[in-house]
Amino acid sequence: MMKQPMVWLLAALALSPLVAAESLYVHSAKASLLAAPKFNADILVSVEKGAELVLIEQQKRWFLVQFDDQTGWVSSLLVKSEPPLDKVSVIGSDAVEISGQTRSRASEVSTAGATRGLTESDASTDDGVSDYNELVEMEAISVPGEEIIEFADAIVRENGE
């Protein structure tokens, strides 16, 4: 009598990864799904910033993902596990109107933060350190030169230049 509930429990555990598929989101202006995990592979489809991709597999810095009915590889440099922010401006509230015609220059702090992808509102988090932790994580990324060249070649190829 106890065997049947155990079978259902084991079946539920075996199928749980299929139910809780992990999502990745495009953080670049667009990302190409490629036929193989390398930048010079054939482009299957381009997806826009914010697009949700379903993770199937990971190989080093590459993710095999599904987007709509297309399956392909995307570089980990182009996606994150959280959706991108909706913000477009890096100037934020540092741009103050002066005499109705001109704007003041952004402070050195906001300019330095903007080059690292941070804005003034990012510094006002509840814990006060998440923006710094993200910066440390971002600056710790090391990409081999060969991979950077392949990536640049793929961008040029994709843009037809």
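Predicted coordinates in areas of low pLDDT are best not read in detail. Predicted confidence across the protein gives a mean pLDDT of 73, with 54% of residues reaching 70 or more. Per-residue pLDDT stays below 50 along residues 15-19; that stretch engages in zero contacts with residues further than four places along the chain or on separate chains. Counting interchain partners and residues more than four positions distant, the pLDDT-below-50 stretch residues 88-102 has 19 contacts.

What follows covers the pattern of salt bridges. The tally for this structure, following the rule as stated, stands at two salt bridges. Taking the shortest distance from any N to any O, the salt bridge between glutamate 158 and lysine 30 comes out at 3.6 Å. One end of the pair, glutamate 158, is in helix 4 (residues 145-159); the other, lysine 30, is in strand 2 (residues 30-34), and 128 residues separate them in sequence. For glutamate 158, a relative accessible area of 22% gives the class partly exposed. Classification of lysine 30 by relative accessible area gives partly exposed; the value is 34%.

Attention now moves to the nonpolar core. One finds Leu53 and Val74 to be the most contacted residues of the largest nonpolar core, which totals 14 residues. Per-element accounting of this core gives the leading share, three residues, to strand 5 (residues 62-67). Judged by nonpolar contacts, the second largest core, of seven residues, contains Leu34, Ala41, Leu64 and Ala154.

Now for the packing of aromatic side chains. Summed over the entire model, instances satisfying the criterion amount to two aromatic pairs. Joined through ring pairs, the aromatic side chains of Phe39, Trp62 and Phe151 make up one cluster.

Here helix 4 spans 21 Å end to end across 15 residues, near enough to the 21 Å set by a 1.5 Å rise per residue. Looking one or two residues beyond helix 4, the residue adopting positive phi is glycine 160, at roughly 70°.

Among the six residues that make up strand 5, five are buried, leaving the element largely enclosed by the rest of the structure. As paired strands, strand 4 (residues 52-59) and strand 5 are joined by five bridges and run antiparallel to one another. Each bridged residue has a counterpart across the sheet, and for valine 54 the counterpart in strand 5 is glutamine 66. Connecting strand 4 to the antiparallel partner strand 5 that follows it, the hairpin turn spans two residues, and lysine 60 within it adopts a positive phi of roughly 50°. Pairing between strand 5 and strand 6 (residues 70-75): six bridges, direction antiparallel. Following the sheet pairing, glutamine 66 is matched in strand 6 by threonine 71. Turn length for the strand 5-strand 6 hairpin, with the two strands adjacent in sequence and antiparallel, is two residues, and the turn residue aspartate 68 shows positive phi of about 55°.

A few words now on the environment of phenylalanine 39. Structurally, the position occupied by phenylalanine 39 is in the loop between strand 2 and strand 3 (43-48). Under the relative-accessibility criterion, phenylalanine 39 is labelled buried at 2%. Along the chain, phenylalanine 39 and tryptophan 73 lie 34 residues apart, while their C-alpha atoms are 9.4 Å from each other.

Rules used throughout
- Residues numbered from 1 in each chain as written.
- Predicted model: local features only at pLDDT ≥ 70, side-chain atom pairs only at ≥ 80, totals over all residues.
- Heavy atoms only, no water.
- pLDDT = per-residue confidence, 0-100.
- Contact = heavy atoms within 4.5 Å.
- Salt bridge = Lys/Arg side-chain N within 4 Å of Asp/Glu carboxyl O.
- Helix = DSSP H or I, 4+ residues; strand = E, 2+ residues; numbered from the N terminus.
- Buried < 20%, exposed > 50% of the residue type's maximum accessible area, 1.4 Å probe, protein only.
- Core = buried A, V, L, I, M, F, W, Y, C linked by side-chain atoms within 4.5 Å.
- Phe/Tyr/Trp six-rings, centres within 6.5 Å; stacked < 30°, edge-to-face > 60°.
- Expected span 1.5 Å × (residues − 1).
- Pairing = 2+ DSSP bridges.

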